[in-house]
Amino acid sequence: MKKTSILVSIVLVLTFVLAACAPQATPEPTQPPVEETEEVEEPAEPEETEEVEEPAEPEETEEVEEAPAFEGVTVQFWHVYSDEPGEGLQALVDEFNETNEYGIFVEALNQGNYGDVEDKVNAGIQSGDLPDVVMAYTNALADWYSVGSVADMNPYINDPEYGLTEDQLNDLYPHLKAAGSTPDGAWIAYPMTQSANVLVYNFTWAEELGFAEPPATAAELEEVICAAAADNATKGADFEGTGGLVYYPSSTNWLHFLYAFGGDELNEDRTAYDFSTQEAIDTSMYILDLKEKGCIWQTESYPNPEQAQRKALITMSSTAGLPYYEAAFADEGNEDEWGFIAAPGPDGTLAVNAFQQMLGVIPSTEDVEMASWLFVKWLTSPEIQARWVRISGYYGTQVSTEALLADYAEENPVWATGVQLAAIGPSEPQTFPAWSSVRRTINDMAAELYNATDQAAVEGILATLTETANELVEEVQ
Amino acid sequence: MDNRQSPKQKSHLFSVSTRRKIVTYIILGVGAFISLVPFFWMISTSVMSLGEALGSTFFPSELHFENYAEAWRRAQFSEYFLNSFLITIITLSGELVFSILAAYAFARIDFPGRNFIFTVMLSTMMIPAMVFTIPNFLTVTWLGRITSIPWINNWPALTIPFMGSIFSIFMLRQFFAQVPDELYDSAQIDGAGHLRFLLQVVLPLSKAPVMVIIVLSFIGTWNSLAWPMLVTNTPDWRPISVGLMNFVNEAGQEINLTMAGAFITIVPILIIYFFTQKQFTESIARSGLKG
């Protein structure tokens, strides 16, 4: 009896093992194989012969016109929008499904936040369950491209029939092609909209302090925030140590100032990371100097309430944080005029740290990839983009979109202050190898830079940062 | 007669055991207060305006109870509540059935390799749950392809992987092993087999650990987020925690609505906790378990 039980157990285990080792079932395609269906529906050979014999070209033309180019192709689109923006995006997708001339059907699915989408795509790369179009940050798309899971859109963008015209390409803000392209020229991320890390500026208070215009240079920025700090020093204990610029030493904020100081992350020939530049040193020393003078400070939490209470003349935030500032000002009953400005450099260079909500196409059949591109093209066309901007509050990516939003800008004056800023960029080099890891290292180093004692210490930290960043590149290559 | 007491006499007003109790209660009171502060903060923030919630005030200047209605609407709780309820019931039922049977086998049936298999199973508890995520995802994807029921975006992927809980098996096994052999011998004389002994003798004596498993499993399943997001593509089977994500975007979160939503989501947990707490205490008393 005992032996029989053991035998049965072994047989069961073997069955499971063999079942597990069986060839994996082919992943179900996300969309039906269109060509195959057409083949099945095609009539038998004799008819083809007839077609050859007949000079029936008009009939053939009619057939081509009747069947849309991508009839039956379904494109699955993973995005990150829920609630009202999600509903707005779904309405646009529904419109595309009803009106597109190609017969493409798009299935839009909210997959949580950007982190969730990354997790799902990472898992999907292993299992084969991937969408056709995915919304993600550029660095994630670059990582997936490096393992062959994101397509180069160049062939589709440059397609004579379905691609973009020269005018349409020139309509894109200049920094965006580079922002979505890898160093080897593959265009892997197409911008749906933009947001940017900006300076949130209280125009009314600055005017009261004697500054009619926003700061145009780093020196003017120092002057205005130090004046605000001095002003608050006279307001009592509750305002002590407040007034200037709220600055958190993060990679986003440090890079923002680095761009204004004319620097960037790469060496001159764009082949490696280089943070030991004079611009990087000047940026770090400028921030240290502001700290020593008591013109910058930090809040415990989001600085929105402090700005609304006039405890901060300037804070640094994403333009997407606009609703939170509006709520804070409304809550304080503060009717000051405020808006977004760029960080000014020593020579008057203005910069923000621009981010794009990127769309990537996942490799599939040629038809599905082209259908995916056609959807991306439609969704980012100026008219549709302008409608999406009204829903989402982000910024457009093309000059033509701006023109379509004149009335929206008038109704939303704070949003309007950011329109030009999103256009100037620049953006982080998210497609450069190991950027995600390098960015995390910059985050750590930014805190060290903020606490550096002198220039020698700053130079040491930046040298270490350069070395670490390039080691990270070696690890992934 | 002088009724006044000197300071020395006063110090002897409380006996040593009373003084110990006072100290104990003070420590417990402080601990309870520290534990409850986040809970109070959640409730307080849930009735603040957004501007106020973004600041560092603890008490709202004005009560915004409408936040609860807005949170319910925007988080689509009507749909997600039902999903969470179904997922939790299915998971819990499966976990109880499999854990009880497995634990009984490990505790009371002598089969070859029993201790080895149990040790291997226990050792998997040392591996962080995140490590299992991708293998589990690949497994459920594969199972979805070879079976007639779709697993992804359906209840099997959300429930079946959690029906085999090593912790529950371990806990029940330890408890089942304490049941005296004499009880089994008696049951056997009365004609009972393993299953009848388990159902009619062991389980009634094991209400305490079963209640603990119910509470822990309920909380774990109810609050799960990462796995459901991974294995669902549409809201059809997404649980309640996904609704809370609607208040978070890349620039921050509507913290007042998040807290209102969070309070709504924990209500079932509080209810089940209070119910099972009573059962739990009674079960311990009835089974005569002591430390």
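Relevant structure appears above.
Summary of the structure given here. (Residues numbered from 1 in each chain as written. Chains lettered and ligands numbered in written order. Predicted model: local features only at pLDDT ≥ 70, side-chain atom pairs only at ≥ 80, totals over all residues. Heavy atoms only, no water.)

Section: unusual backbone geometry
All names here are of chain A. The peptide bond linking G425 to P426 adopts the cis configuration, its omega dihedral lying at -5°. In this structure, P426 sits in the loop between α22 (419–424) and α23 (435–450). Positive phi, close to 60°, is recorded for R270, a residue that is not glycine. You can see R270 is positioned in the loop between α13 (251–260) and α14 (278–292). According to the relative accessible area criterion, R270 is partly exposed, its value standing at 43%. Not every positive phi belongs to a glycine, and R310 is a case in point at roughly 60°. You can see R310 is positioned in the loop between α15 (304–308) and β7 (312–318). R310 sits in the buried class, given a relative accessible area of 17%. (Helix = DSSP H or I, 4+ residues; strand = E, 2+ residues; numbered from the N terminus. Buried < 20%, exposed > 50% of the residue type's maximum accessible area, 1.4 Å probe, protein only.)

With respect to the environment of V246 of chain A
Residues and elements named next belong to chain A. Checked against the element boundaries, V246 lands in strand β5 (residues 243–246). The spacing of V246 and T315 is 69 residues in sequence and 4.9 Å in space, taken between C-alpha atoms. Beyond its immediate chain neighbours, meaning those up to four positions away, V246 contacts W297, Q298, T299, P303, A312, I314, T315 and M316. (Contact = heavy atoms within 4.5 Å.)

Quick notes on helix α24 (residues 455–476) of chain A
All names here are of chain A. In a regular helix each residue adds 1.5 Å, so 22 residues correspond to 32 Å; α24 covers 32 Å between its end C-alpha atoms and thus fits that length. Against α13, α14 and α23 lie the buried residues of α24. If you check the start of α24, you find a side-chain oxygen 3.3 Å away from the backbone N of A456, and it comes from D454. (Expected span 1.5 Å × (residues − 1). Polar contact = N/O pair within 3.5 Å; in protein donor to acceptor, adjacent residues only side chain to side chain.)

Quick look at the packing of aromatic side chains
In the structure shown here, the tally under the stated rule is 39 aromatic pairs over all chains. Seen in terms of ring centroids, F96 of chain A and W378 of chain A are 5.2 Å apart; in terms of plane orientation they differ by 55°. Their pairing is tilted. Here W378 of chain A lies in helix α17 (residues 366–379) and F96 of chain A lies in helix α5 (residues 83–99), a separation of 282 residues in the sequence. Here F96 of chain A matches W378 of chain A in class, with each residue buried. Relative to F111 of chain B, the ring of F106 of chain B has its centre 6.0 Å away and its plane inclined at 45°; by these criteria the two rings are tilted. Taking the relative accessible area as the measure of exposure, F106 of chain B reaches 6% and is therefore buried. Taken together, Y247, F257, F261, Y286 and Y450 of chain A form an aromatic cluster joined through their ring pairs. The ring of F239 of chain A has K311 of chain A sitting right over it, with the charged end atom 5.6 Å from the ring centre. (Phe/Tyr/Trp six-rings, centres within 6.5 Å; stacked < 30°, edge-to-face > 60°. Lys NZ or Arg CZ within 6 Å of the ring centre and 35° of its normal.)

A closer look at the pairing of strand β3 (residues 133–136) of chain A
All names here are of chain A. The alternating pattern of β3 places V133 and M135 on one face and V134 and A136 on the opposite face, and all of these are buried. In the sheet, strand β1 (residues 74–79) pairs with β3 via 2 bridges, with the strands oriented parallel. Paired with W78 across the strands is V134, a residue of β3. Across 4 bridges, the pairing between β3 and strand β11 (residues 353–361) is antiparallel. What sits directly across from V133, in β11, is V361. (Pairing = 2+ DSSP bridges.)

So, the state of the cysteines
Residue and element names in this part refer to chain A. Scanning the model with the defined rule gives 1 disulfide over all chains in all. Note on cysteine connectivity: C226 is disulfide-linked to C295, with sulfurs 1.9 Å apart. Between C226 and C295, the S-S dihedral sits near 110°, and the bridge is therefore right-handed. With C226 in helix α12 (residues 218–233) and C295 in the loop between α14 and β6 (296–297), the pair connects residues that are 69 residues apart, well separated along the chain. (Disulfide = S-S within 2.5 Å.)

Comments concerning the pairing of strand β8 (residues 338–341) of chain A
Residue and element names in this part refer to chain A. Side chains of β8 alternate between two faces, with W338 and F340 and G339 and I341 buried alike. Note: strand β4 (residues 190–202) against β8, 4 bridges, orientation antiparallel. Each bridged residue has a counterpart across the sheet, and for N202 the counterpart in β8 is W338.

Distances and angles like these do not, on their own, reveal function.
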